[in-house]
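Examination of the molecular architecture
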Amino acid sequence: MLTVFDHPLIKHKLTIMRKKETGTKDFRQNLDEIGGLMVYEVTRDLPLNEIPIETPLCQTIGYEMAKDVVIVPILRAGLGVVNGIQNLIPTARIAHIGMYRDEETLEPHPYFEKYPSNMDEAAVIIVDPMLATGGSSVAAIDMVKKQGATSIKLVCLVGAPEGVKVVEEAHPDVDIYLASLDDHLNEKGYIVPGLGDAGDRIFGTK
Ligand SMILES: O=c1ccn([C@@H]2O[C@H](COP(=O)(O)O)[C@@H](O)[C@H]2O)c(=O)[nH]1
Ligand SMILES: O=P(O)(O)OP(=O)(O)O
Ligand SMILES: [Mg+2]
């Protein structure tokens with residue numbers, strides 16, 4: 001299932017990120033804030049356990065999260081989304097998948113992976129600001145499934161219709177969340193209108 005957020009705060013912050021004159025500091029801050037706003041909805045169906053508790057007044061039933069949450073940023077750009085989510089789920093574990101996209105072929109190249117031990121039981125949230133051809137996302141989902149993950153969500157900021165179709169066809173069981181579904185991919189595999197190269201804008205490498 002694809003969910004595209006239609007929230008004024010997300011639209012406002014994403015517009016700041018899209019502007020070419022926005023510098024690294026403001027880019028990162030708005031990415032952080034959008035990550036926090038999106039996670040509220042992304043985690044809406046997380047299972048809860050009922051637990052007996054005692055308030056200062058009486059005994060009652062409270063709730064605690066039934067599953068560990070594992071956030072999986074696709075490096076580098078995905079790192080920019082982690083903080084906003086972690087602020088709201090401080091107990092989340094962080095896995096890492098290192099992947100770059102070949103500039104000519106647009107094929108994803110994994111170079112690093114590290115996971116906690118309980119991927120099979122966890123609610124796994126893969127994050128990458130950009131869903132372009134879908135190659136990186138499909139490869140990352142393949143990798144977490146190999147670790148036994150069954151509850152997987154993909155959270156991106158900006159998506160292209162081409163990439164959404166590729167992920168939906170390869171992994172129909174994975175819910176996709178976007179802040180914006182943009183128009184198309186250009187001949188170099190960049191999302192249009194997009195926001196440019198997310199990794200470079202987060203880390204100031206261009
Ligand atoms: O406009 C764009 C498009 C892509 N990226 C980076 O590439 C990957 C995703 O590309 P896929 O083609 O979907 O594999 C993503 O990790 C971004 O880092 C970008 O920054 N801007
Ligand atoms: O996906 P890429 O190639 O843009 O890599 P990075 O996110 O490290 O900039
Ligand atoms: Mg990337």
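Once a new chain begins, its residue numbering starts again from 1 and follows that chain's sequence as written. Chain letters start at A and ligand numbers start at 1, both assigned in the order the entries are written. Owing to the predicted nature of the model, reporting of local features is limited to residues with pLDDT of at least 70; listing and counting of side-chain atom pairs is limited to 80 or more, with chain, interface and lining totals taken over all residues. Excluding hydrogens and water, the side-chain figures rest on all heavy atoms present in the structure.

The name an unreviewed UniProt entry gives the protein is Uracil phosphoribosyltransferase, with Faecalitalea cylindroides as the organism. Listed under Sequence similarities (unreviewed entry) in UniProt, the entry text for the protein is "Belongs to the UPRTase family." The Catalytic activity (unreviewed entry) comment attached to the protein in UniProt states, word for word, "UMP + diphosphate = 5-phospho-alpha-D-ribose 1-diphosphate + uracil". UniProt positions are given in the numbering used here, feature names are shortened, and annotations may be inferred rather than shown by experiment.

What about the site of ligand 2?
By convention in these notes, a residue is near a molecule or strand provided one of its non-hydrogen atoms lies within 4 Å of it. Surrounding ligand 2, one finds L75, R76, A77, Y100, R101, D197 and G199. Polar contact is the term for a pair of N or O atoms within 3.5 Å; when the atoms are in protein, one must be able to donate a hydrogen and the other to accept it, and sequence-neighboring residues count only if both atoms are side-chain atoms. Within the backbone of A77, an N or O atom sits 3.3 Å from an oxygen atom of ligand 2. In the environment of ligand 2, an oxygen atom lies 2.8 Å from a nitrogen or oxygen atom belonging to the backbone of R101. A 1.4 Å probe and the Shrake-Rupley method give the accessible areas. Residues count as covered only by the protein chains that appear here. Taken by itself ligand 2 offers 270 Å² of open surface, and the protein chains cover 76% of this.

Examining the site of ligand 1
The local shell around ligand 1 holds 16 residues, among which D128, T133, S136, G196 and A198 are the closest. Contacts to ligand 1 include A132, whose backbone N or O atom sits 2.9 Å from an oxygen atom. Summarising the interface, the protein chains cover 93% of the accessible area of ligand 1, which totals 460 Å² for the free molecule. Breaking the shell around ligand 1 down by element, the ones donating at least two residues are β9 (130–131) and α4 (135–146). All residues other than Ala, Val, Leu, Ile, Met, Phe, Trp, Tyr, Cys, Pro, Asp, Glu, Lys and Arg, Gly among them, are scored as polar; the first ten of these are nonpolar and the last four charged. The residue inventory of the shell around ligand 1, partitioned by class, reads 7 nonpolar, 6 polar and 3 charged. Helix and strand assignments come from DSSP, with helices taken as H or I runs of at least 4 residues and strands as E runs of at least 2, each series counted from the N terminus.

Quick notes on the UniProt feature "binding site: uracil" (unreviewed entry) in the protein
Feature annotation in UniProt places "binding site: uracil" (unreviewed entry) on I191, G196, D197 and A198, given in this structure's numbering. Within the secondary structure, G196 sits in the loop between β15 (191–192) and α6 (198–203). Of the residues examined, G196 reaches a relative accessible area of 35% and is grouped as partly exposed. Throughout, a contact is declared for two residues whenever any of their heavy atoms are within 4.5 Å. Discounting chain neighbours no more than four positions away, the residues touching G196 are M130 and Y190. Along the chain, A198 falls in helix α6. Setting aside residues up to four positions removed in sequence, A198 forms contacts with F27, A77, P129 and M130. Think of it in three bands: residues with accessible area under 20% of the maximum for their type are buried, residues over 50% are exposed, and the middle band is partly exposed, with areas taken using a 1.4 Å probe on protein chains only.

Quick look at the environment of I53
For I53, the position within the fold is in strand β2 (residues 48–54). Overall, the relative accessible area of 37% leaves I53 in the partly exposed class. Those residues within four positions of I53 in sequence are excluded, and the remaining contacts are C58, Q59, T60, I61 and G62.

Structural notes on the environment of I176
Mapping I176 onto the fold places it in strand β12 (residues 175–178). In sequence terms I176 and I126 are 50 residues apart; their C-alpha atoms lie 9.7 Å from each other.

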